[in-house]
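# Coordinate analysis (summary)
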Amino acid sequence: MYKIGFDNDKYIKMQSERIKDRIAEFGGKLYLEFGGKLFDDYHASRVLPGFQPDSKLQMLLKIKEQAEIVIAISAEDIESSKLRADLGITYDVDVIRLIGAFRQKGLYVGSVVLTKYSSHPKTAAFEERLKNMGIPVYRHYIIEGYPSDISHIVSDSGYGMNDYIETSRSLVVITAPGPGSGKMATCLSQLYHENKRGIKAGYAKFETFPIWNLPLNHPVNTAYEAATADLNDINMIDPWHLAAYGITTVNYNRDVEIFPVLKAMFEKIYGECPYKSPTDMGVNMAGNCIIDDETVCESSRQEIIRRYYGALCAAARGMNKKDEIFKLELLMKQAEISTESRKCAVAARKIAEKTGEPAAAIELNDGTLITGKTSKLLGCASAMLLNALKHLAGIDDETLLIVPEVIIPVQELKVNHLGNHNPRLHTDEVLLALSISAVSDSNAAAAMAQLQNLKNCEMHSSVLLAQVDESVMKKLGVRLTCDPSGGAAKITV
């Protein structure tokens with residue numbers, strides 16, 4: 001059941017004010033490392049219902065006259081054609097997409113920095129493409145001894161070898177297409193160069209997760225660990241903050257581990273470190289905007305289960321996910337949940353066991369469970385989709401939205417002319433047939449009008465679905481999980 005648990009308007013206001021305060025603390029120049037996604041942050045919108053995927057973008061727009069964006073991308077990622085998994089595009093293509101998206105929203109993109117730079121064909125071609133677009137490009141290099149050899153790193157032969165990125169505004173947002181792109185190193189390199197030029201600049205970090213002022217094992221923070229299970233990130237109590245202030249806060253292992261190095265770098269650059277802990281570096285206000293803790297907790301529990309199913313399905317498709325699956329199982333036990341905690345999964349499996357065929361189920365936003373079974377005409381996802389639309393439109397179960405006379409010719413086209421072995425209609429074909437029927441059938445038109453109400457609904461299939469069905473559900477905003485085969489993937493607490 002979908003309920004709002006997060007005040008998005010309050011968040012945008014509080015977050016923009018907090019960043020402005022931090023700029024003032026450093027005398028008017030701040031390098032802000034932007035962790036996670038600046039927009040399209042669907043993880044945050046799933047675990048904090050009410051959080052809009054572009055909330056951080058909207059927050060920046062509040063202070064856009066002060067802000068410029070620098071996008072960091074690792075040359076190693078360019079050469080390896082690293083993919084952004086959620087969008088299915090390479091990091092270099094995503095940089096071009098981000099530049100266009102930021103500009104369209106009225107944000108100033110100052111430049112792109114190529115981190116871990118070395119001269120390779122793909123990197124050179126990408127650099128040339130950016131220059132042809134009028135985007136300034138800078139190079140940052142791999143520094144021997146990074147991050148432990150502080151004396152070498154903070155010297156003319158370390159950070160001093162990097163290009164100085166020309167910036168013109170008080171807030172410089174360092175963002176990237178994904179993790180490991182060198183955002184923090186870019187910020188620290190800039191602090192070194194600014195200091196050499198007599199400019200006092202500061203550094204802060206904006207990470208939405210883990211949320212520092214929620215308990216360590218709060219489901220929101222556990223869901224973050226689930227989201228980064230492949231990176232092996234671990235939430236932990238910030239020992240530096242506890243020692244300095246006697247206050248318990250949450251951070252994650254990489255920031256805690258790197259803090260002594262950061263502290264030493266600050267001391268080398270400025271003579272002192274402005275922060276006593278990793279938590280001090282952050283500016284995240286999300287924890288102050290949760291208005292319904294139980295709703296947020298349940299949403300986070302469902303996210304953990306979805307991540308688990310996602311890893312199982314990836315493994316079934318041949319990817320090496322053994323360690324990730326093991327960690328997700330531990331997180332589920334820690335959160336005291338199992339696959340049985342997902343109502344739509346339980347419902348789908350019951351129908352599958354009863355019929356001996358693949359089945360699907362969806363939990364609508366009011367909590368109603370609607371199922372679909374496999375037939376000669378329709379796959380289970382297609383049947384479930386039609387049943388859900390009929391329920392939402394108040395149409396009787398026995399009413400046919402698409403008559404067999406329409407479906408059968410489509411099946412013949414698929415099998416006899418397009419070389420498909422499965423005659424059953426996928427969800428995209430069902431929606432096309434339904435839209436055609438809607439021209440002359442009021443029931444079909446009423447069903448089509450309900451598509452918008454499928455957003456944020458939870459769905460499960462007892463088998464792996466075809467890519468086209470997964471894609472359709474994603475576009476409709478349905479949160480889909482699948483068993484990795486015909487069997488029921490299940491763990492117990």
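Scope of this entry: the structure provided in the associated data block. (Residues numbered from 1 in each chain as written. Predicted model: local features only at pLDDT ≥ 70, side-chain atom pairs only at ≥ 80, totals over all residues. Heavy atoms only, no water.)

### Points about helix H3 (residues 55-62)
All of the buried residues in H3 are Ser 55, Lys 56, Leu 57, Met 59 and Leu 60. Structurally, H3 contributes buried residues whose contacts are with helix H1 (8-25), strand E1 (30-34), helix H5 (91-104), strand E7 (171-175) and strand E8 (202-206). (Buried < 20%, exposed > 50% of the residue type's maximum accessible area, 1.4 Å probe, protein only. Helix = DSSP H or I, 4+ residues; strand = E, 2+ residues; numbered from the N terminus. Contact = heavy atoms within 4.5 Å.)

### Focus: the sheet that holds strand E2 (residues 67-74)
Taken in spatial order, the six strands line up as E6-E5-E2-E7-E1-E8 in an open sheet, and their pairing is parallel. Each of the sheet's edge strands pairs with one partner strand only, and the pair in question is strand E6 (137-139) and E8. Here the strands of the sheet are splayed against their neighbours by 25 degrees on average, with no regard to which way each runs. Judged from the five bridges that link them, E2 and E7 form a sheet pairing that is parallel. The partner of Ile 69 across the bridge, within E7, is Val 173. Strand contacts of H1: E1, E7 and E8, with the helix running at about 140 degrees to E1, the strand carrying the most contacts. This element, H3, spans E1, E7 and E8 of the sheet and lies at about 165 degrees to E1. (Pairing = 2+ DSSP bridges. Axes fitted to C-alpha atoms, helices over the stretch in contact; angles between N-to-C directions.)

### Here's the deal with the packing of aromatic side chains
Inspection of every chain in the model, using the stated rule, returns 15 aromatic pairs. Relative to Tyr 275, the ring of Phe 26 has its centre 6.1 Å away and its plane inclined at 70 degrees; by these criteria the two rings are edge-to-face. Of this pair, Phe 26 sits in the loop between H1 and E1 while Tyr 275 sits in the loop between helix H11 (253-270) and helix H12 (278-281), and the two are 249 residues apart along the sequence. Overall, the relative accessible area of 10% leaves Phe 26 in the buried class. Between Tyr 203 and Phe 266, the ring centres sit 6.3 Å apart and the planes meet at 45 degrees, which makes this aromatic pair tilted. With Tyr 203 in strand E8 and Phe 266 in helix H11, the pair connects residues that are 63 residues apart, well separated along the chain. Looking at Tyr 203, the relative accessible area reads 0%, which means it is buried. Taken together, the ring pairs in this structure connect Phe 26, Tyr 203, Phe 266, Tyr 270 and Tyr 275 into an aromatic cluster. Over the aromatic face of Tyr 164 sits the side chain of Arg 197, whose NZ or CZ is 3.7 Å from the ring centroid. (Phe/Tyr/Trp six-rings, centres within 6.5 Å; stacked < 30°, edge-to-face > 60°. Lys NZ or Arg CZ within 6 Å of the ring centre and 35° of its normal.)

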